[in-house]
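This is what each chain is made of:
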Amino acid sequence: MRNFKLIFYVFLLSLSLLAAGCWDSTPIEETDITTTVLVDKTKNGYAFYTEIASLTGNSGGGEGGGSAPQSKVMRAEGPSFVDAREGLERQGDKPVNLTGVQCVLFTERFLYSGINEYLYRFRQDTRYRKTAMVAATGENPDEIFAAASENNVLVGHVVNDTLDSLADIGQLYHFTMGDVLEVLACPCKGYLIPRIGLTEREKDIEVNGFYVMDGGVCLGIIPMEEGEFIVYIQGNVPPFRYAMPYNENSVTAELRLHKEPVKIEYAGGKIEIGLRFVCDTNLLYMNDDIKVDDAMMEEIGEELKRQLTEEFICVIRTSQEMFQLDYLKFHEAFRIHYPDAYKEMDWKEEYPKARITVDVAVNIKGSNIDYEPEE
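Residues numbered from 1 in each chain as written. Predicted model: local features only at pLDDT ≥ 70, side-chain atom pairs only at ≥ 80, totals over all residues. Heavy atoms only, no water.

So, the overall build of the chain
The criterion, for reference: Numbering of helices and strands runs from the N terminus; a helix is a DSSP stretch of H or I covering at least four residues, while a strand is a stretch of E covering at least two. Burial classification: accessible surface area is computed with a 1.4 Å probe over protein chains only, and a residue below 20% of its type maximum counts as buried, one above 50% as exposed, and the rest as partly exposed. Residues are treated as being in contact if the distance between any of their heavy atoms lies within 4.5 Å. In these tables, accessible area is a Shrake-Rupley quantity obtained with a 1.4 Å probe, and a residue counts as shielded only by the protein chains included in the view.
Looking only at helices and strands, the chain has 12 helices and 14 strands in total. The burial tally for the chain puts 48% of its 375 residues in the buried class. Counting contacts in the chain only where the partners sit at least 6 residues apart, residues at least 24 apart contribute 68% of the total. About 19,000 Å² of surface is accessible on the chain, with carbon and sulfur atoms providing 47% of the total.

So, the pairing of strand β11 (residues 249–259)
Quick note on the threshold: For two strands to be treated as a pair, DSSP must find no fewer than two bridges joining them.
The sheet contact formed by strand β10 (residues 240–246) and β11 spans seven bridges and is antiparallel. Residue pairing across strands places proline 245 opposite serine 250, the latter belonging to β11. Following β10, the chain reverses through two residues before pairing antiparallel with β11; asparagine 247 in that reversal takes a positive phi of roughly 55°. The pairing of β11 with strand β13 (residues 270–286) spans nine bridges and is antiparallel. Each residue of the ladder has a partner; that of alanine 253, found in β13, is leucine 283.

A short note on the side chain of aspartate 326
Note the threshold: Note on charges: Lys and Arg go in the positive column, Asp and Glu in the negative column, and His and the chain ends are not counted at all. Salt bridges are counted wherever a side-chain nitrogen of Lys or Arg sits within 4 Å of a carboxyl oxygen of Asp or Glu. Throughout this description, a polar contact denotes any pair of N or O atoms lying within 3.5 Å of each other; where both atoms belong to protein, one of them has to be capable of donating a hydrogen while the other can accept it, and for residues adjacent in sequence the pair is counted only when both atoms sit in side chains.
Following the sequence through the fold, aspartate 326 ends up in the loop between α9 (294–322) and α10 (330–337). No salt bridge is formed by the buried aspartate 326; the nearest opposite charge belongs to lysine 329, separated by 9.6 Å. Within the structure, aspartate 326 has its side chain in polar contact with the backbone nitrogen of lysine 329 (distance 3.0 Å). Within the structure, aspartate 326 has its side chain in polar contact with the backbone nitrogen of histidine 331 (distance 2.8 Å). Ignoring sequence-local partners within four residues, the contact set of aspartate 326 consists of Cys188, Gly190, His331, Trp347 and Tyr351.

Remarks on the side chain of threonine 35
Looking at the element boundaries, threonine 35 is found in strand β1 (residues 32–42). When its relative accessible area of 0% is taken as the criterion, threonine 35 is described as buried. Within the structure, threonine 35 has its side chain in polar contact with the side chain of glutamate 51 (distance 2.6 Å).

As for the confidence of the model for the chain
Selection criterion: Here pLDDT means the predictor's own confidence in every residue, given as a number from 0 to 100.
Chain-level statistics for the chain give a pLDDT mean of 84 and a share of 83% at 70 or above. Within the chain, the element-level pLDDT minimum falls on helix α1 (residues 2–19), averaging 46, and the maximum on helix α3 (residues 108–113), averaging 97. The model gives residues 58–69 a pLDDT under 50, and that stretch makes 20 contacts with residues more than four places away or in other chains.

So this is what it looks like as structure tokens:
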């Protein structure tokens, strides 16, 4: 099944490149499709990794004698990006086409060293797809590619699928290299890059957090368990499950969060931002089999409101106090309401001082818990 998916993926990629007219003079079978580019910082400079999906099949020895496209990884290192790039070009026996790049990966050490120069080079290189997804990792690059090879998958394909699936269920938002370049062109240069790693047992790729970026420099890491509500601040999300402690029990509920328009006030040089969420809730179950009456239902609603409010405040406090950076995009709402003031101020300096409040309204719409209403 994995072989079939890999063949089908490369087939679709080939069709898309042909439709875009990317290979005007070079036949497909004479071109290597680069699906992933990984950039690393080394002691002596920089290293490039490229994952190549070849259209030339490799006869399989399994049942049915199927064939799967081969993939290979090339690595080159040099004191500069130019030297590392030339090292890659000298290794290939076919022209490398960058228009098929599905994702660009950065290593953690490269993020901390600063990625501005690479981003500017990427912007000027018309061969790259600006819609390529972007992610970063603290793993050893060789282990990332080795795990993909063992599972007979392409790193670019798996990373994209993982990011897309998390975005579909509301745990992540799409972020591309084009989005990074757009942020760099804005006065407010805060953004987040998904952090990927390998699961301990299966060595599958997973998203385990976010890198906090100020322009081209990484300021730190937010673990996934602390960053879940970041996505919810960005906008409306699909229904999701939330577990909370209640007395000596635990309540699991399905939440539907609706974010109302952000309220912005600016007077006397002070910024006030008001967030309001309406949460329609369906109680699913508790860890103990007990009956719930009206009074307990009201208590559960109030406790849920308190905990959700605290979740949002914690995310905001981290951005204002720990990183002092608006990667939550509040500047967009302020710019719309007060465009002239926004042009005159240094938002990076003003954001940590802004007063941000959160109001959550919880409406319990239904319950699967044994409910005993008051008579």
